[in-house]
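A structural walkthrough
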Amino acid sequence: MEFKYTNAIHRIRALKCRKKVIQGGTSAGKTIAILSVLISMAARNKLDVSVVSETIPHLRRGCIKDFQKIMESTKRWRDAHWNKSLLVYTFANGSTIEFFSAESEAKLRGARRNVLYVNEANNIDFNAYYQLAIRTSGDIFIDFNPTSEFWAHTEVLKEPDAELIILTYQDNDGLDEGIKKDIELAREKAKTSEFWANWWQVMGLGQI
């Protein structure tokens, strides 16, 4: 993987509020962008960062795999710093990035952290998120595909320290041209059926 500084990374870095709600369509590069920002934060200052998703298999297929690719492509990865059993990476400055699932009751109500990233948050219930949020002293990143309205809209975005951005495939400068063309085919198909109109609305435009 060749690392590329995308518009998605630029827009996420520009967010100012503590709770950063990142809504986006398919191939918008949300996960890569957020992980890139977290890695940069952890490399600059000593932080404890938690990355949480619905299950461990989901994390292994997504966030953990992407994290390792970014670290390797930016020449930061050190095998000795990765604890495979605990799923924790420790930086030279003492920062840690840990990965765990929302299924882990002990983790949800356990140690505190500086930064939290809830990946594909619409697959996690509000109570799990809230248990994590009240144990986080700093930034909270929340991302999802907008298949329907959920607690990020009805709870978090009503709070004064929250803001929303919407990313699409057009914010992902590193996207393969073939994938981009396939996504854009749906824009024409949207004129032919309700299924494709809805698909384009959610996955193409990043709208509910």
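Heads up: these notes are all about the structure in this document. In this text the structure is predicted, and so the values were computed from the model without any measurement.

A closer look at the packing of helix α8 (residues 177-189) against helix α9 (residues 194-204)
Geometrically, a packed helix pair is captured by the angle between its two axes and the distance between the axes. Running from N to C, α8 and α9 point in directions that differ by 130 degrees, and their axes come no closer than 8 Å. As far as their axial angle goes, α9 and α8 are oblique. α8 and α9 meet at a crossing whose hand is left-handed. Here Ile183, Glu184, Ala186, Arg187 and Lys189 of α8 lie close against α9, whose contacting residues are Trp196, Trp199 and Trp200. Here the residues of the contact of α8 with α9 are counted per class, giving five nonpolar, no polar and three charged.

So, unusual backbone geometry
Despite not being glycine, Ser27 shows a phi value in the positive range, around 60 degrees. Residue classification places Ser27 among the partly exposed residues on the basis of a relative accessible area of 26%. Even without being a glycine, Lys75 presents a positive backbone phi close to 60 degrees.

Quick look at the packing of aromatic side chains
A full pass over the atoms with the stated rule returns 16 aromatic pairs. When the ring of Phe126 is compared with that of Tyr130, the centres are 5.7 Å apart and the planes differ by 25 degrees; the resulting orientation is stacked. Of this pair, Phe126 and Tyr130 both sit in helix α6 (residues 126-133), four residues apart, which is roughly one turn of the helix. The class for Tyr130 is partly exposed, based on a relative accessible area of 43%. Aromatic ring contacts, followed pair by pair, group Phe67, Trp77, Trp82, Tyr89, Phe91 and Phe99 into a single cluster. Seen from the ring of Phe141, Lys20 lies directly overhead, with NZ or CZ sitting 5.8 Å from the centre.

Remarks on the nonpolar core
Grouped together as the largest cluster of nonpolar side chains are 35 residues, with contacts concentrated most on Ile12, Leu38, Val51, Phe67, Ile97, Phe99 and Phe141. For this core, the secondary-structure elements that each account for two or more residues are α1 (7-13), α2 (30-44), β2 (48-53), α4 (63-73), β5 (96-101), β6 (115-118) and β8 (162-167). With eight residues, the top contributor of residues to this core is α2. Not counting the four nearest positions on each side in its chain, Val51 is found in contact with Leu35, Leu38, Leu59, Cys63, Ile97, Glu98, Phe99, Phe100 and Tyr117. Residues Ala121, Ala133, Ile142 and Val156 belong to the second largest nonpolar core, which totals 21 residues.

So, the side chain of Asp143
Within the element layout of this structure, Asp143 appears in strand β7 (residues 140-144). No salt bridge forms around the buried Asp143; measuring N to O, its nearest opposite-charge neighbour Lys30 is 5.4 Å away. Engagement of the side chain of Asp143 in a polar contact is seen with the backbone nitrogen of Glu120, the distance being 2.7 Å.

Let's talk about the pattern of salt bridges
All chains considered together, the criterion is met by six salt bridges. Across the pair Lys19 and Asp161 runs a salt bridge whose closest N-O atoms are separated by 3.6 Å. Residue Lys19 is found in strand β1 (residues 19-24), and its partner Asp161 is found in the loop between α7 (151-154) and β8; the two are separated by 142 residues along the sequence. With a relative accessible area of 10%, Lys19 lands in the buried category. Accessibility expressed as a relative area gives 25% for Asp161, which makes it partly exposed. For the salt bridge of Lys20 with Asp139, the shortest nitrogen-to-oxygen distance reads 3.7 Å. Remark: Asp139 occurs in the loop between α6 and β7 and Lys20 occurs in strand β1; sequence separation between them is 119 residues. For Lys20, a relative accessible area of 4% corresponds to the buried category. The class for Asp139 is partly exposed, based on a relative accessible area of 23%. Within the structure, one salt-bridge network assembled from shared partners comprises Arg18, Lys19, Glu159 and Asp161.

Definitions and cut-offs
Residues numbered from 1 in each chain as written. Predicted model: local features only at pLDDT ≥ 70, side-chain atom pairs only at ≥ 80, totals over all residues. Heavy atoms only, no water. Axes fitted to C-alpha atoms, helices over the stretch in contact; angles between N-to-C directions. Helix = DSSP H or I, 4+ residues; strand = E, 2+ residues; numbered from the N terminus. Parallel < 35°, antiparallel > 145°, perpendicular 65-115°, else oblique. Left-handed = near helix turned anticlockwise from the far one by under 90°. Contact = heavy atoms within 4.5 Å. Nonpolar A, V, L, I, M, F, W, Y, C, P; charged D, E, K, R; others polar. Buried < 20%, exposed > 50% of the residue type's maximum accessible area, 1.4 Å probe, protein only. Phe/Tyr/Trp six-rings, centres within 6.5 Å; stacked < 30°, edge-to-face > 60°. Lys NZ or Arg CZ within 6 Å of the ring centre and 35° of its normal. Core = buried A, V, L, I, M, F, W, Y, C linked by side-chain atoms within 4.5 Å. Lys, Arg positive; Asp, Glu negative; His and termini not counted. Salt bridge = Lys/Arg side-chain N within 4 Å of Asp/Glu carboxyl O. Polar contact = N/O pair within 3.5 Å; in protein donor to acceptor, adjacent residues only side chain to side chain.

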